[in-house]
Structures are given as C-alpha cells and as structure tokens.
Amino acid sequence: KIKSEMDAQRERFVEGAIANQITKQKANEIFDLLAKFADYGFNKSHAAAYALIAYQTAWCKANHPVEFLAASMTLDKNNTDKLSEFRNEARRLGIKVDMPSINKSGVDFDVRQDETGALVIHYALSAVKGVGVGQAESLVMTRGARPFTSLGDVAQRLNPREVNKKVLESLAAAGAFD
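In this report, the structure presented in the accompanying data block is examined. Everything numeric in this text was worked out from a predicted model, so none of it was measured.

**Re the overall build of the protein chain**
Item 1. Counting its secondary structure elements, the protein chain contains seven helices and three strands.
Item 2. Each helix (α) and strand (β) of the protein chain, taken in turn from the N terminus, gives the series α-α-α-α-β-β-β-α-α-α.
Item 3. Its C-alpha atoms give the protein chain principal-axis dimensions of roughly 85 × 40 × 25 Å.
Item 4. Here the protein chain, with 178 residues, has 29% of them falling under the buried criterion.
Item 5. Of all intrachain contacts in the protein chain linking residues separated by at least 6 positions in sequence, the fraction that spans at least 24 positions is 50%.
Item 6. Entry remark: accessible area of the protein chain is about 11,900 Å², with carbon and sulfur atoms responsible for 56%.

Have a look at this one:
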C-alpha cells in the first residue's frame, strides 16, 4: 500500500528472482501482478469474509429467528439500546419475549416452548440493570429445580453475600417477582 516501500521491494524481488534464474523481464512482470494485488487484495479478502458472515447471519435469522434473537440479546445483554432494538425486532416478527422471572429466567436469554407450543424468549436475569452474571448465577443455582414460593422463601434461601439488597430491588423493579 505504501508506494515507496513497494518500489524498494521491487528491486530486492527482482535481484532475488535473477539469482534464481528468472529473467529480469519475467521478474518485473510477476512483481507487477503482486503489486496490483496489494492495491485491492487485502480489502477484497476482508469483503469476502464479511460477506460470508453476513450470509450465515441472515440464514440463521431467516430460519431460526427466535434462537437468533435470543443469542443476539445474550451477546449484547449489557447494552440497553441494543436490547431495546432486539425486543422491537421480536415484536415486529411476532416473537414473544417474557419478562424476567425469578422462577423461570436463566442467567442468559433462552428459548422455550409455551403451553401452545410457540417458541418464547425468556428474559435473562443478568440483563436486568443492576444484576451481574455472578448474582444471576447464584439466583439460578439457589433456585435449582425448586421454584421460590414467596419473597420470604427467596430471602431465606439466598446467600446475602452473593445477592444483595440492591440486586433484589433491581429484580423487583423489573417485575421479576410478579
């Protein structure tokens, strides 16, 4: 990409080619092909890779939209603006996103069937503002296979060193105890 550097490399390349019994004319011809590639090859190779990723992403969204949105939401769970965009996209596609629930939500967004068999995205506990991954993991582990029955049950079973008052307030404000 840097003309002066390419010119310096031409001299070196041609000398090396002549030492390997290639004519000066052929060496310059080969170098011209390499120089032409240097002008656009890097950009073209990246464009091809991005095109492949764009195709794969579009295929996933078209064929598995619920799972695609849940994965995208998990990836950007700390970005409230992106989460809002994904929720709007889910609404546009007719995909239900359940509110966070202390008894149903996991650490990350996940997909489950509702009673009608439709796929639903369950909101991630760790995506609630003020709730970190460690606190969400502690909640899910404490819940285990036995759902919480009341706020008192939550308070009794949780370790206050792992899940503090601020986290519980954030979950309550998000409707996770409704």
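**Quick word on a nonpolar patch on the surface**
Item 1. On the surface, a nonpolar cluster with roughly 220 Å² of combined accessible area is contributed by Ile-22, Ile-30 and Leu-34.
Item 2. Among the structural elements, Leu-34 can be located in helix α2 (residues 24-63).
Item 3. Look at Leu-34 and you get partly exposed, because its relative accessible area is 45%.

**Topic: the pairing of strand β2 (residues 110-113)**
Item 1. Relative to strand β3 (residues 119-122), β2 runs antiparallel, the two being bridged by four bridges. Of the residues in β3, the one forming a bridge with Val-111 is Ile-121.
Item 2. In textbook terms, the turn of a hairpin is the stretch between consecutive antiparallel strands, and for β2 and β3 this stretch comprises five residues, one of which, Gly-117, has a positive phi near 95 degrees.

**As for helix α5 (residues 133-143)**
Item 1. When we look at burial in α5, the residues that qualify are Ala-136, Ser-138, Leu-139 and Arg-143. Angular distribution of buried residues about the axis of α5 spans 160 degrees; they occupy a single face of the element.
Item 2. Just downstream of α5 lies Gly-144, where phi reads positive at about 55 degrees.

**Focus on the nonpolar core**
Item 1. With 29 residues, the main nonpolar core has Leu-69, Met-73, Phe-109, Ile-121, Tyr-123, Leu-139 and Leu-171 as its most contacted residues.
Item 2. Secondary-structure elements contributing two or more residues to this core are α3 (65-75), α4 (80-92), α5 and α7 (165-173).
Item 3. A per-element tally of this core places α3 first, with five residues.
Item 4. Beyond its immediate sequence surroundings of up to four residues, Ile-121 is in contact with Val-66, Leu-69, Ala-70, Met-73, Ile-95, Lys-96, Val-97, Asp-98, Phe-109, Asp-110 and Val-111.

**Quick look at the pattern of salt bridges**
Item 1. Applying the stated rule across the entire model yields nine salt bridges.
Item 2. For Glu-89, the salt bridge is made with Lys-61, and the minimal N-O distance between the two is 2.7 Å. Remark: Lys-61 occurs in helix α2 and Glu-89 occurs in helix α4; sequence separation between them is 28 residues.
Item 3. A relative accessible area of 17% means that Glu-89 is categorised as buried.

Thresholds applied
- Residues numbered from 1 in each chain as written.
- Predicted model: local features only at pLDDT ≥ 70, side-chain atom pairs only at ≥ 80, totals over all residues.
- Heavy atoms only, no water.
- Helix = DSSP H or I, 4+ residues; strand = E, 2+ residues; numbered from the N terminus.
- Buried < 20%, exposed > 50% of the residue type's maximum accessible area, 1.4 Å probe, protein only.
- Contact = heavy atoms within 4.5 Å.
- Areas by Shrake-Rupley, 256 points an atom, 1.4 Å probe, with all protein chains shown as cover.
- Patch = residues over 30% accessible without salt bridge, like charges linked within 9 Å, V, L, I, M, F, W, Y side chains within 5 Å.
- Salt bridge = Lys/Arg side-chain N within 4 Å of Asp/Glu carboxyl O.
- Pairing = 2+ DSSP bridges.
- Arc of directions from axis to C-beta.
- Core = buried A, V, L, I, M, F, W, Y, C linked by side-chain atoms within 4.5 Å.

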